[in-house]
Structures are given as C-alpha cells and as structure tokens.
Amino acid sequence: MTDKDLDQLKRSIGTPSDTRPLKTVDQSRTETTHTVVHGDMNGENRLFGGRLMEWIDEAAGIASRRHCGGSVTTACVDSLVFQNPAYLNEVVIVDAYVTYVGRTSLEVRVDSYVEDIQTGERKQINVAYLTEVHVDADERPTPIRYGLELATDEQKNEWSLAQIRKMIRRERQEQGI
Ligand SMILES: CC(C)(COP(=O)(O)OP(=O)(O)OC[C@H]1O[C@@H](n2cnc3c(N)ncnc32)[C@H](O)[C@@H]1OP(=O)(O)O)[C@@H](O)C(=O)NCCC(=O)NCCS
C-alpha cells in the first residue's frame, strides 16, 4: 500500500460519532518504570524479550481496565517490534495508552524506552499494539461504556490506523494466518 492509498483509506474511515460518554486518552494512560536486574537478563546479557512482553502486557491491561472501569483480557498482541536492546541496571519506561475503542474491545499502543538517568533522554526500544476485550463476571465479552475523546491530530491519526489494523486482524483471523 502506498502512502497515498493509506491517506485515502484514513480519510474514508474518519473519526467516531460515539454516543457513549467519553473518556480522554490521559484518563487511562499508564506509565510503569523498571530497573533491569540480573533476573531479567537473557543468555546474551540483554533484557529478556519475554520480560519486556510481561511489562507491556501488564501496562496495557491497566490502561484498558482504567478505560473500561472493569475487567479485561488480552485477545491479541501484534506489531510487537523490538527496535533496540536494554542492558543490566538500565531504567525502562513502559507507556501504554488507548488508541481505539470498539464495542467490546479496545486497542492499546505501548511504547517502551530506555531512559538516560543523567539527561532524562528516552531511547525507544519497542512498540506494540494489543487488543484487550472487556469481559463480565462470566468472562464473556461485554460492551465498553465509554468512547474515546480524540483531542489531538495524533490521537485522530492513531484511531484511523487502529481501524485499519482491526480490519487486517479480522482478515488474518478469517484466513487462519
Ligand atoms: C478474547 C475473548 C474473550 C474473545 O471472545 P469471543 O467470544 O471470541 O469474542 P467475540 O468474537 O464476541 O469478539 C469480541 C471482541 O473481541 C474482538 N476479538 C476477538 N478475537 C480477537 C482477536 N483474535 N484479535 C483481535 N480482536 C479480537 C472482536 O473484534 C470483538 O471486538 P468488538 O466488540 O470491539 O468489535 C476469548 O477469545 C478469550 O477469552 N480468549 C482468551 C483470552 C486470554 O486468556 N488472554 C490471556 C492470554 S494468557
């Protein structure tokens, strides 16, 4: 898909006309901070990818629960991209925020960084998108009571792209890939 095709697709999708009460992205935004300790390392002396995935899943779960005001379960993790390593004693920041809210599911983007504790500068090490489903006491999908207020162009852009990702996920599911 070319950039022009993507722009056209985003324009045709547009932003939501939600009748639900809205919550802002910041109301559920969740940032967690971790020090990389010996137990987090792999055999190559880098942060073990599975540990980072655990931190990502936890932060995404908290952001989703804050938005839904109830329980969620992780349905899907996609676009989990490891861009840079992290090493012993480094400080890792995991920043999760809601990008899209469907009927019973929502998408959360999670950016992970290594923070330079002297300068405060952050280097991105991972970006991930997770789909969480709001569930009732019987663990069945249940409607999310709140839509998402899109206050910035970046949030509107993420919403449009999230709908495209949802279509791709559905296609992959239908085709069993
Ligand atoms: C996630 C789960 C609750 C979905 O149940 P389901 O009966 O298949 O759900 P439905 O088909 O009614 O879909 C419900 C919503 O989830 C979304 N969904 C379901 N499966 C999905 C998948 N694989 N990827 C992305 N979204 C998915 C649907 O698009 C729908 O969203 P919408 O209401 O916003 O349009 C169920 O599959 C489950 O319990 N899975 C195990 C979850 C778990 O244990 N997670 C922890 C992993 S260790």
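Here's what I pulled together on the structure shown here. Values in this document were obtained by computation on a predicted structure and should not be read as measured data. (Residues numbered from 1 in each chain as written. Predicted model: local features only at pLDDT ≥ 70, side-chain atom pairs only at ≥ 80, totals over all residues.)

### Side note on the environment of Val133
Among the structural elements, Val133 can be located in strand β6 (residues 122-134). Along the chain, Val133 and Ile62 lie 71 residues apart, while their C-alpha atoms are 12 Å from each other. Non-local contacts of Val133, meaning those with residues more than four positions away in its chain, are made with Val72, Thr73, Ala75, Thr104, Ser105 and Pro141. (Helix = DSSP H or I, 4+ residues; strand = E, 2+ residues; numbered from the N terminus. Contact = placed C-beta atoms within 7 Å.)

### A look at the site of the ligand
What surrounds the ligand is a group of 14 residues, the closest being Cys76, Gly102, Arg103, Thr104 and Ser105. Taken together, the elements giving at least two residues each to the shell around the ligand come down to β3 (72-82), β6 and α4 (153-175). Element by element, the count of residues in the shell around the ligand is highest for β3, at 4 residues. (Near = placed C-beta within 6 Å.)

### Some points on the pairing of β6
Of the strand pairs in this sheet, β3 and β6 are connected by 8 bridges, and their pairing is antiparallel. Of the residues in β6, the one forming a bridge with Val72 is His134. Across 11 bridges, strand β5 (residues 105-115) lies against β6 in antiparallel orientation. Note on β6: the bridge partner recorded for Val108 is Leu130. Where β5 folds back on β6, the antiparallel hairpin that results is connected by 6 residues, among which Gly120 adopts a positive phi of roughly 80 degrees. (Pairing = 2+ DSSP bridges.)

### Some points on the nonpolar core
Membership of the largest hydrophobic core comes to 34 residues, with the highest contact counts inside it found for Ile56, Ala59, Ala60, Ala96, Val98, Val108 and Val110. When neighbours within four sequence positions are excluded, Ala96 is seen to be in contact with Thr30, Ala59, Ala60, Ala63, Val108 and Val110. (Core = buried A, V, L, I, M, F, W, Y, C linked by C-beta atoms within 7 Å. Buried ≥ 20, exposed ≤ 12 C-beta atoms within 10 Å, placed from the backbone.)

### Considering the sheet that holds β5
Taken together, the 5 strands give an open sheet; going across it, the order is β2-β4-β5-β6-β3, and neighbouring strands pair in antiparallel fashion. Two strands in the sheet have a free side with no partner beyond their single neighbour: β2 (30-35) and β3. Shown here is a sheet whose adjacent strand axes are inclined to one another by a mean of 25 degrees, direction ignored. Taken together, the 6 bridges between β2 and strand β4 (residues 91-101) define a ladder with antiparallel strand orientation. Its bridge partner being in β4, His34 is matched across the sheet by Val92. Contacting β2, β3, β4, β5 and β6, helix α3 (residues 49-68) runs over the sheet at an angle of about 135 degrees to β5. (Axes fitted to C-alpha atoms, helices over the stretch in contact; angles between N-to-C directions.)

### Observations concerning unusual backbone geometry
A positive phi is found at Asn45, a non-glycine position, where the angle reads about 65 degrees. On the secondary structure map, Asn45 appears in the loop between β2 and α3.

### Description of the pairing of β5
Across the 11 residues of β5, 8 count as buried, placing the element largely inside the fold. As paired strands, β4 and β5 are joined by 10 bridges and run antiparallel to one another. Paired with Val101 across the bridge in β5 is Leu106. Counting the residues between successive antiparallel strands, the hairpin from β4 to β5 contains 3 residues.

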